[in-house]
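Now for the letters of each chain:
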Amino acid sequence: MKNEQYQATWLLSDHVARINYERLPAEVVHEVKRRTLDILGIGLSASKTTPGIKLTQYAGGTKIPGNAVLWGQRETSSPAMAALVNIAMIFNMELDDVHRTSHCHPAVTTVSPALALGDEKGFSGKEYICAVVAGYDVENRIGKAVSPSIYLDRAFLPAATLGTLGAAGAATKLYNLETEKVLAALGTAAYLTPVALFESITTGALAKELGMGWAGYTGITAVDLSVQGFEGPEGWLEGPLGLAVATADRYDMKRLVENLGDEYEIMNSGIKPYACCRQHHTAIDAALEIRERDNPDIDEIERIVHRTFSVAARANNRRPDSVSEAKYSAPFAIATGLIAGQAWRQDYLIEKVRDQKTRSLCAKVEVVADPELDEIYDECWSSIVEVYMKDGSTYHARRDLPKGEPEFPLSDDTLKDKFMDLACDAFPSEKAEKIYQAVWNLENLEKTSELTQLMRIA
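Residues numbered from 1 in each chain as written. Predicted model: local features only at pLDDT ≥ 70, side-chain atom pairs only at ≥ 80, totals over all residues. Heavy atoms only, no water.

Chemist: Please give an account of the pattern of salt bridges that cites residues and values.
Modeler: Two side chains carrying opposite charge are able to pair once their charged atoms lie near each other. As enumerated under the stated definition, the model contains 26 salt bridges in all. For the salt bridge of E265 with R141, the shortest nitrogen-to-oxygen distance reads 3.6 Å. Here E265, found in the loop between α14 (253–257) and α15 (281–294), pairs with R141, found in helix α6 (residues 125–146); they are 124 residues apart in sequence, far enough to count as distant. Put simply, R278 and E405 hold a salt bridge, and the shortest N to O gap is 2.8 Å. Separated by 127 residues along the polypeptide, R278 in the loop between α14 and α15 and E405 in the loop between β6 (394–399) and α22 (412–423) bring together distant segments of the chain. By relative accessible area, E405 is classed as buried at 1%. (Salt bridge = Lys/Arg side-chain N within 4 Å of Asp/Glu carboxyl O. Helix = DSSP H or I, 4+ residues; strand = E, 2+ residues; numbered from the N terminus. Buried < 20%, exposed > 50% of the residue type's maximum accessible area, 1.4 Å probe, protein only.)

See the structure below:
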């Protein structure tokens, strides 16, 4: 029976139950295809990395049967295990999308589980599209309600902590659950969600990938268990001892329900053009502006000051010693932008991390938390980069929103370039093109396995 005390949870659950392909705006369907394309390209490249290979070996060692494809490999496994492997290896690449007002990575925790379930149960392309829309709305709307307190007042990594709910939201839609069952299944997911700690972000520890993968695993498992009767309580989110209280000192359910049903959160997240933590993309944009406009002599730079919001200022490592550390280092991001004029994946290889010119410039970057930029966070992820030269001249640039945000979106052509660059790590360009075309034909697929079978090694 509906309890008015938990109105936001009920409204969200009812919204998920009512999502219908025929009523989705064309731009939302188009965006689902873009996010799918982005994740599949990253996944194929990730399958050839050391973490991707190790994760596949782990899945093989469990000997869990199933038809869900491990992307870029021959093997299959259960949907939950495939979600764990595919998500974890993708997140290691630091190239998947980010929703800036919830700090979640919604594509990786909705696309991967939804496709894995499609492999096992034969869902159609239209059903998949609805599931991704549902997963985005569940994860990001809950994220907005508990942000920024979840990572400012507490020590949680929102993307993994709330990723379970995105995966579960997608699964409930694929299973075509009614409102009460959606609410109960999300409640089960809330009880299985990982306690993912933000400490992993500051150090670049590889365990953070497992938190994301575990979110996909537990999201699928939670819905399967809920369907078997292991349902969560009505107050799992808004109750006095629910998820909101557990993860945030301050939360606002009005943010969860605002424009619910009229505005889809998949339209509000940004696609990454750079191969590092999204918090540093405005710093890279500012550094690139200075490089193009002022062309400073790198050897004549005396020091660099980077003013940014407090969360990004945590990543102030001037001497990263590994690729993982470099991806979470604002100084390294700025130095790379100024020296290389880009920040793509070839700029985040161990030889680049060890490059003496980059390390020397990186050591000159001072990261400062700016209270004025905190006031406009998290609607803006601002960076101010100030380059001070030995001759006394100064170069300055500011960016409030990074390239790839909805306000500055990547074009379809740019996204294809990103996909092909990544996918061709695993397959010849002809096969990558077939995957690309299949994604744009999603709504006509009788089964999504027509797409994912292309992701396997023959």
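Chemist: Can you explain the nonpolar core? Please cite residues and give values.
Modeler: W71, I142 and L338 are the most contacted members of the largest nonpolar core, which totals 150 residues. Ranked by the residues each element gives to this core, the list is headed by α6, at 12 residues. Beyond its immediate chain neighbours, meaning those up to four positions away, L338 contacts A287, I290, R291, I298, I301, I304, L361 and V387. (Core = buried A, V, L, I, M, F, W, Y, C linked by side-chain atoms within 4.5 Å. Contact = heavy atoms within 4.5 Å.)

Chemist: Report on the environment of L177, specifying residues and quantitative values.
Modeler: Inspection of the secondary structure assignment puts L177 in the loop between α9 (163–174) and α10 (179–192). A C-alpha to C-alpha distance of 48 Å links L177 and V368, two positions 191 residues apart in sequence. Not counting residues within four places of it along the chain, the set of residues in contact with L177 comprises A17, T172, V182, A185, V223 and V227.

Chemist: Go over α22, please, and point to the residues and values.
Modeler: Taking 1.5 Å of rise per residue, 12 residues should cover 16 Å, and α22 covers 16 Å from first to last C-alpha, within 8% of that figure. Here the buried face of α22 lies against α2 (26–46) and α23 (429–440). (Expected span 1.5 Å × (residues − 1).)

Chemist: Please give an account of the packing of helix α5 (residues 106–121) against α6 that cites residues and values.
Modeler: Contact geometry for α5 and α6: axes closest at 9 Å, N-to-C directions at 145°. α6 is crossed by α5, and the crossing has right-handed handedness. On α6, the residues touching P106, A107, T109, T110, V111, A114 and L115 of α5 are Y128, A131, V132, G135, Y136, E139 and N140. Of the residues that constitute the contact of α5 with α6, the class distribution is nine nonpolar, four polar and one charged. (Axes fitted to C-alpha atoms, helices over the stretch in contact; angles between N-to-C directions. Left-handed = near helix turned anticlockwise from the far one by under 90°. Nonpolar A, V, L, I, M, F, W, Y, C, P; charged D, E, K, R; others polar.)

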